[in-house]
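Commentary on secondary and tertiary structure
The residues making up each chain are set out below.
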Amino acid sequence: MQDPNADTEWNAALRAKGILPPKEPEISEDQVVQMIEDSVQQRLDKSNQLDVMTLDELDEVEDEEDDRVIQEYRRKRMAEMKALSDKSNFGSVREISAVDYVAEVNNAGDDIWVVLHLYKQGIPLCTLINDFLTRLSAKFPATKFLKSISTTCIPNFPDKNLPTLFLYRSGEMKKQLIGAHMFGGMNLTVEGLEWMLAETGAVETDFEEDPRSKVRSVLSMQSGRARDDSESTTDEDY
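Residues numbered from 1 in each chain as written. Predicted model: local features only at pLDDT ≥ 70, side-chain atom pairs only at ≥ 80, totals over all residues. Heavy atoms only, no water.

So, the side chain of glutamate 194
Considering the arrangement of structural elements, one finds glutamate 194 in helix 8 (residues 190–200). Setting aside residues up to four positions removed in sequence, glutamate 194 forms contacts with Leu136, Lys139, Phe140, Val203, Thr205, Asp206 and Phe207. (Helix = DSSP H or I, 4+ residues; strand = E, 2+ residues; numbered from the N terminus. Contact = heavy atoms within 4.5 Å.)

See below:
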């Protein structure tokens with residue numbers, strides 16, 4: 001039996017008389033490419049809509065959308081939420097040694113901020129900063145706060161460089177704060193330290209301006225009063 005789809009004069013005549021149905025038009029290579037691109041674009045459009053939905057909203061459209069696609073995006077959103085939760089599970093200052101450095105600092109993870117304090121016992125400013133970091137770690141649990149005795153972490157690290165803060169993100173050093181002068185000595189406040197960390201991006205502060213400027217203003221006023229009192233006492237002596 002002759003193939004009715006074959007391109008023959010006989011089949012053409014039969015089609016002309018309506019005995020055979022019209023032949024389906026051939027699809028060109030360009031049409032195939034366009035069909036694929038349209039399909040991909042539809043997938044992307046659906047992806048963009050699903051990306052901004054909450055888990056509750058995904059539940060609502062589950063009956064209307066392909067179940068496999070919905071489940072795929074649910075797993076994706078759950079993974080994103082878990083990753084965010086994991087990033088918020090620090091909340092304290094951990095003590096490390098040299099053997100922990102690579103794992104805890106360099107391999108902390110993508111987009112993880114690490115604040116490492118090198119200190120020594122018996123140095124008042126180091127003690128003050130350790131106290132402040134304990135408070136800040138609870139306030140900013142997404143940032144990893146670490147401390148280490150300086151010579152335990154880095155052999156022969158000079159005491160004159162203490163206290164020292166190393167700020168890392170994604171395993172890369174972003175900033176170093178070395179020496180008491182960087183912190184303003186014992187006049188440092190927890191708000192001032194928070195602002196210093198926020199300037200680099202290690203924490204997201206609610207402060208709209210540097211709180212240290214107020215401290216400096218108060219100290220300047222107190223210093224001026226002390227000078228006035230001293231000059232007054234000198235004049236009275238005469």
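Still more ground to cover, so stick around.
Section: the sheet that holds strand 2 (residues 113–119)
Ordered by their spatial adjacency, five strands build an open sheet running 1-3-2-4-5, and the pairing between neighbours is mixed. Because the sheet does not close on itself, it has two edges, and the strands there are strand 1 (93–95) and strand 5 (172–178). Mean inter-strand twist for the sheet, computed between neighbouring axes without regard to direction, equals 25 degrees. One ladder, built from six bridges, connects strand 4 (residues 164–169) with strand 5; its direction is antiparallel. Looking across to strand 5, one finds that arginine 169 is bridged to glutamate 172. Relative to strand 2, helix 6 (residues 124–139) is tilted by about 155 degrees, and along the sheet it contacts strand 1, strand 2, strand 3 (144–149) and strand 4. The strands touched by helix 8 are strand 2, strand 3, strand 4 and strand 5; relative to strand 4, the strand with the most contacts, the crossing angle is about 35 degrees. (Pairing = 2+ DSSP bridges. Axes fitted to C-alpha atoms, helices over the stretch in contact; angles between N-to-C directions.)

Describing helix 8
Of all eleven residues in helix 8, eight are buried, a share of seventy percent or more. Turning to helix 8, its buried residues are Val190, Gly192, Leu193, Glu194, Trp195, Met196, Leu197 and Ala198. A positive backbone phi angle near 110 degrees is found at glycine 201, which sits one or two residues after helix 8. (Buried < 20%, exposed > 50% of the residue type's maximum accessible area, 1.4 Å probe, protein only.)

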